[in-house]
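Residue strings, one per chain:
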Amino acid sequence: DRIARSEVSRYSVEATQESFIQSDVVKAKEWIVNPGACPICVPLNGKTVSLGDSFFEKGDEAVDANGDPFSITYETVEHPPIHVNCRCDIVPVLK
């Protein structure tokens, strides 16, 4: 169930990002977390990158809300989810 939810989220956010690109009024994307977000996601709340950029490159290391490292070893993170069962999303930053 967790993997299925994560993959549905991945494709949903990918579609959201594609709609931002096609709209031609969005210049960047902002990471947002849901209430009760995990320690990995809390520090990402409000992080903004240009529409064509990634939040993390494969091999980067992030720091969670507890100060613990979290290695990005599986792929470049263009948008949520960053981990299994992640409930984060992106919102547009308009031109």
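Residues numbered from 1 in each chain as written. Predicted model: local features only at pLDDT ≥ 70, side-chain atom pairs only at ≥ 80, totals over all residues. Heavy atoms only, no water.

**So, the packing of aromatic side chains**
Which entries qualify depends on this criterion: Stacked, tilted and edge-to-face pairs are distinguished by plane angle, under 30 degrees for stacked and over 60 for edge-to-face with tilted covering the rest, among Phe, Tyr and Trp rings (Trp via its six-membered ring) whose centres lie within 6.5 Å. Only lysine NZ and arginine CZ atoms are considered, and such an atom sits over a ring when it is within 6 Å of the ring centre and within 35 degrees of the ring normal.
Taken as a whole and assessed by the stated rule, the structure comprises 1 aromatic pair. One Lys or Arg, K47, reaches over the ring of F56 and ends 4.1 Å from the middle of that ring.

**Focus: the environment of P81**
For clarity, the threshold we go by: For the purposes of this entry, the term helix denotes a DSSP run of H or I that reaches at least four residues, the term strand denotes a run of E that reaches at least two, and both are numbered from the N terminus. Residue exposure (1.4 Å probe, protein chains only): buried if accessible area is under 20% of the type maximum, exposed if over 50%, otherwise partly exposed.
Following the sequence through the fold, P81 ends up in the loop between β4 (69-71) and β5 (89-94). The exposure class assigned to P81 is buried, which follows from its relative accessible area of 2%. Sequence separation of P81 and E14 is 67 residues, and the distance between their C-alpha atoms is 9.9 Å.

**Side note on a negative patch on the surface**
We count it as follows: Patch membership needs two things, relative accessible area over 30% and no salt bridge, and members are linked within 9 Å if like-charged or within 5 Å if nonpolar (Val, Leu, Ile, Met, Phe, Trp, Tyr). For accessible areas, the Shrake-Rupley method is used with a probe of radius 1.4 Å. Any residue's cover is judged against the shown protein chains and nothing else. Every case where a carboxyl oxygen of Asp or Glu lies within 4 Å of a side-chain nitrogen of Lys or Arg is listed as a salt bridge. For the charge count, each Lys or Arg is scored as positive and each Asp or Glu as negative, with His and the chain ends excluded. The atom standing in for a charge is NZ when the residue is Lys, CZ when it is Arg, CG when it is Asp and CD when it is Glu.
A contiguous patch of negative charge on the surface is contributed by E14, E18, D53, E57, D60 and E78. Note that E78 resides in the loop between β4 and β5.

**Topic: the state of the cysteines**
The criterion, for reference: The disulfide criterion used throughout: a pair of cysteine sulfur atoms within 2.5 Å.
If you walk through the whole model with that rule in mind, you get 0 disulfides. Looking at the unpaired C41, the closest cysteine sulfur is the one in C88, lying at 3.5 Å. In this structure C41 comes out as buried when scored by relative accessible area, which is 2%. Between C86, a free cysteine, and C88, which holds the nearest cysteine sulfur, the sulfur-to-sulfur gap is 3.7 Å.

**Description of helix α1 (residues 2-23)**
Let me state the cut-off plainly: Here a helix's expected span is defined as the number of its residues, less one, multiplied by 1.5 Å. Working definition: the arc comes from the directions between the helix axis and the C-beta atoms, pointing outward to the latter. Whether two residues touch is decided by their heavy atoms; if any such pair falls within 4.5 Å, the residues are in contact.
Taking 1.5 Å of rise per residue, 22 residues should cover 32 Å, and α1 covers 32 Å from first to last C-alpha, within 8% of that figure. Of the positions making up α1, those classed as buried are S6, S9, V13, Q17 and F20. Summarising the axial view, the buried residues of α1 lie within an arc of 70°, below the 170-degree limit, and thus occupy one face. Opposite its buried face, α1 presents the exposed residues V8, Y11 and Q22, each directed more than 90 degrees away. If you follow the buried residues of α1, they end up packed against β1 (26-32) and β5. At the C-terminal side of α1, D24 shows a positive phi close to 65°.

Shape is all these values report; function is a separate question.
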